[in-house]
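Working through the structure, step by step
Letter by letter, the chains look like this.
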Amino acid sequence: MNSDILYKVDEIPPWYLCVFLGFQQFLTAFGATFAYPVIISGVLCIDGDDVGLGQLISTVIFVAGASSILQSTFGVRLPIIQSCSYTFIVPAFVVLSVRSNSCPYHDLSVNKSTLPDYGSAAHQEVWKSNLCELQTRVIKLFQLQGSLMVASLLSIVLGCSGMIGLLMRFIGPLTIAPTICLIALSLFDVAADKGSSHWCICVMTIFLVVLFSQYLRNIAIKIPFIKIKIQIFALFPVLLAVMISWGICHILTVSNALTDHPDEWGYKARTDIRAKALSASNWFRLPYPGQWGVPRITVTGVLGMLAALLASTIESVGDYYACARLAGAPPPPPSAVSRGIAMEGVTCLLAGAWGTGGGTTSYSENIGAIGITKVASRVVIQCAGCLMLVLGCVGKFGALFVTIPEPVLGGLFYVMFGMVAAVGISNLQHVDLNSSRNLFVFGLPVFFGLSVSNWVSTHQVKTGSELADQVLTVLFGTSMLVGGVMAFVLDNSIPGTRKERGLLHWRNQAQGPEGDLSVYDIPLLQPFLNRLSCSK
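Residues numbered from 1 in each chain as written. Predicted model: local features only at pLDDT ≥ 70, side-chain atom pairs only at ≥ 80, totals over all residues. Heavy atoms only, no water.

**Some points on the overall build of the protein**
- Within the protein one finds 23 helices and 4 strands.
- Looking at the protein residue by residue over its 536 residues, the buried ones come to 54%.
- Looking at the protein alone, contacts between residues at least 24 apart form 83% of all its contacts between residues at least 6 apart.
- When the accessible surface of the protein is split by element, carbon and sulfur atoms take 66% of a total near 22,500 Å². (Helix = DSSP H or I, 4+ residues; strand = E, 2+ residues; numbered from the N terminus. Buried < 20%, exposed > 50% of the residue type's maximum accessible area, 1.4 Å probe, protein only. Contact = heavy atoms within 4.5 Å. Areas by Shrake-Rupley, 256 points an atom, 1.4 Å probe, with all protein chains shown as cover.)

See the structure below:
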């Protein structure tokens, strides 16, 4: 795979390419980043208020930019975007008491005709002065955020103590492969839900990404002002596909070819559904720590966040190996994995302080983008982080991308998640696939992880303890955690040789001519850290 990489991890593209490639990485992560605050907006009673939702989205983008810069510079140092983790949704709903119907707009016993229209000044007074008033909403949010800040200390301890590095001695291809596969397979319903809003637009987006990234990737186009040829289709397949599909949706919207009835199929392909957000948002707003109020901590919230962090940690370890493989880099050593997990604890702490509504994690979508674009430069991710810092302060720019139609995002999800699943399976090249032991260790965790998480999503866990129910729901509802832990236990308990398990090739891969581990060194600080026994 190294021969296919256009820019490796430690290589720096021209500045103008860094800007466009960084913007493409931001655009790839924007769909999932934007979806998280939209999902939790209902329990905050802020859905329908475009200005309030826009402020929360801008905060998420801002923190994602800072987290991506920290992770790619001082953390694992791989080109990975950091943003909101979906493992925090379940504990977020628990902490915000979603079943209590505290928001009058979601209370079935309330006559909706007596309530002000969404987004109106009177609606803002409802969530400011009633059960969903601003202070109450902030207290609920920061019960979540304060608990997240306390729980994030777990990741910092796991990383800085080296416990993750010690654990990695027992993690091989047969543990990583099911974990990465389940990251993508567990999200198929998200892609299907968005794509089904208009299958024609979704399939068109998939077709354009495939056309640009696979069939036209070797075609170079001469740029008039720069007077050089650039493989524009290989570098920007995602960006080009989104812009073209987005433009076609806008044309269909203006020409009224798409229905304007919310209950009819194809409505979500319109680009004017959230147009109000663009006119109502401020041009500039700087997110800051404590902007919603003083963080508050609850025991239930801390335990729920701890469960989500454990699931996110397993997911991130799999993402590190997937990113290294697609980027043509050697597998990350235990020291780099430890730094990455510790840095995710720091970024979760920042997310709690700024008030994003959830912790951060590595994004599989952007890892898939590396496999398509063949651009693995960490400078591109750092540039994307800087762009997100700026764009998180420009309210109208963020509101503009709120208008991206759902079927366009669905098409991107199909391509990205498919790449991630394929990367997970590709790790099996290191193991003996003629061994029934290895087939068993891989197959059972994948099927069991999907089955258990699906059962938890449709049934209520009842142990007699509300606290235990909440923690078990998060743990067993995360397929990556269930499958990853099962694969880890089976691979290390069922007898098998190191060669059969793929550990010999897995460990020796970093010692070959392409296995220079200096790619993970922290600039300037690494010689000093190597001399300290505590940080070695």
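Once the structure has been displayed, the description carries forward.
**Observations concerning the side chain of Arg437**
- You can see Arg437 is positioned in helix H19 (residues 436-458).
- Within the local environment of Arg437, its side chain forms a polar contact with the side chain of Asn438, the two groups lying 2.9 Å apart. (Polar contact = N/O pair within 3.5 Å; in protein donor to acceptor, adjacent residues only side chain to side chain.)

**Observations concerning the packing of aromatic side chains**
- Following the criterion strictly, the structure yields 5 aromatic pairs and no others.
- Centroid distance Trp199 to Tyr414: 6.4 Å. Interplanar angle 40°. Geometry classified as tilted. A residue pair is termed long-range when its members are at least 10 positions apart, and Trp199 in helix H9 (residues 199-215) and Tyr414 in helix H18 (residues 406-426) qualify at 215 residues.
- Take Trp199: its relative accessible area is 39%, and that puts it in the partly exposed class.
- A residue is classified by how much of its surface remains accessible, and Tyr414, at 30% relative accessible area, is partly exposed. (Phe/Tyr/Trp six-rings, centres within 6.5 Å; stacked < 30°, edge-to-face > 60°.)

**Considerations on the packing of H19 against helix H21 (residues 479-493)**
- Two elements in contact, H19 and H21, have axes separated by 8 Å at closest approach and are oriented at 155°. Judged on the interaxial angle alone, H21 and H19 are roughly antiparallel. Crossing hand, H19 versus H21: right-handed. For the pair H19 and H21, contact is made by Arg437, Phe440, Val441, Leu444, Pro445, Phe448, Gly449, Leu450, Val452 and Ser453 and by Ser479, Val482, Gly483, Met486, Ala487, Leu490 and Asp491, respectively.
- Along the lines of polarity and charge, the residues of the contact of H19 with H21 split into 11 nonpolar, 4 polar and 2 charged. (Axes fitted to C-alpha atoms, helices over the stretch in contact; angles between N-to-C directions. Parallel < 35°, antiparallel > 145°, perpendicular 65-115°, else oblique. Left-handed = near helix turned anticlockwise from the far one by under 90°. Nonpolar A, V, L, I, M, F, W, Y, C, P; charged D, E, K, R; others polar.)

**Observations concerning the confidence of the model for the protein**
- Of all residues in the protein, 79% have pLDDT values of 70 or greater, and the mean over the chain is 77.
- Across the protein, helix H16 (residues 378-391) holds the top mean pLDDT of 92, while helix H4 (residues 121-129) sits lowest at 43.
- With pLDDT under 50 throughout, residues 123-139 is counted as low confidence; its partners more than four residues away or in other chains account for 39 contacts.
- Segment residues 510-514 is flagged for pLDDT under 50; beyond a separation of four residues in sequence, or across chains, it makes 8 contacts in the model. (pLDDT = per-residue confidence, 0-100.)

**Details of the nonpolar core**
- Membership of the largest hydrophobic core comes to 62 residues, with the highest contact counts inside it found for Phe26, Phe88, Val242 and Ile404.
- The element that contributes the greatest number of residues to this core is helix H1 (residues 15-40), accounting for 12 residues.
- Ranked by size, the runner-up nonpolar core spans 35 residues in total, among them Ile80, Ala191, Ala322 and Val423. (Core = buried A, V, L, I, M, F, W, Y, C linked by side-chain atoms within 4.5 Å.)

**Section: a nonpolar patch on the surface**
- The grouping of Trp199, Val203, Trp265 and Tyr414 at the surface amounts to a nonpolar patch, some 420 Å² of accessible area in total.
- You can see Trp265 is positioned in the loop between helix H11 (237-254) and helix H12 (275-280). (Patch = residues over 30% accessible without salt bridge, like charges linked within 9 Å, V, L, I, M, F, W, Y side chains within 5 Å. Salt bridge = Lys/Arg side-chain N within 4 Å of Asp/Glu carboxyl O.)

**Focus: unusual backbone geometry**
- Residues other than glycine seldom take positive phi values, yet Arg77 does so here, at roughly 65°.
- Although it is not a glycine, Asn256 adopts a positive phi angle of roughly 60°.
- When you line up the elements, Asn256 lands in the loop between H11 and H12.
- You can call Asn256 exposed: its relative accessible area is 57%.

**So, H11**
- In this model H11 runs 26 Å from its N-terminal to its C-terminal C-alpha over 18 residues, within 8% of the 26 Å that 1.5 Å per residue would give.
- Looking at H11, one finds that the buried residues are Pro237, Val238, Leu239, Ala241, Val242, Ser245, Trp246, Cys249 and Thr253.
- Of the residues flanking the end of H11, it is Asn256, one or two places downstream, whose phi is positive at about 60°. (Expected span 1.5 Å × (residues − 1).)

**Observations regarding the packing of helix H7 (residues 173-185) against H21**
- H21 packs onto H7 with a crossing angle of 165° between their chain directions and a minimal axis gap of 8 Å. Between H7 and H21, the angle is such that the two are roughly antiparallel. H21 is crossed by H7, and the crossing has right-handed handedness. On H21, the residues that touch Leu174, Thr175, Pro178, Thr179, Leu182 and Ile183 of H7 are Ser479, Met480, Gly483, Gly484, Ala487, Phe488 and Asp491.
- Of the residues in the contact of H7 with H21, the class split is 7 nonpolar, 5 polar and 1 charged.

**Examining the environment of Ala280**
- Assignment of secondary structure puts Ala280 in helix H12.
- Here the alpha-carbon distance between Ala280 and Val51, two residues 229 residues apart in the chain, equals 6.2 Å.

**Remarks on the pattern of salt bridges**
- Counted according to the given criterion, the structure contains 3 salt bridges.
- Of the charged contacts, one joins Asp491 and Arg501 as a salt bridge, the two residues approaching to 3.1 Å between their closest N and O atoms. Here Asp491, found in helix H21, pairs with Arg501, found in the loop between H21 and helix H22 (503-508); they are 10 residues apart in sequence, far enough to count as distant. This pair shows no difference in class: Asp491 is buried, exactly as Arg501 is.
- In this structure, a network of salt bridges that share partners links the residues Arg437, Asp491 and Arg501.

**Details of helix H14 (residues 334-354)**
- Along its 21 residues, H14 runs 30 Å from first to last C-alpha, staying within 8% of the 30 Å computed at 1.5 Å per residue.
- Counted residue by residue, H14 has 16 buried out of 21 residues, so it is predominantly covered.
- Gly355 occupies a position one or two residues after H14 and carries a positive phi of about 85°.

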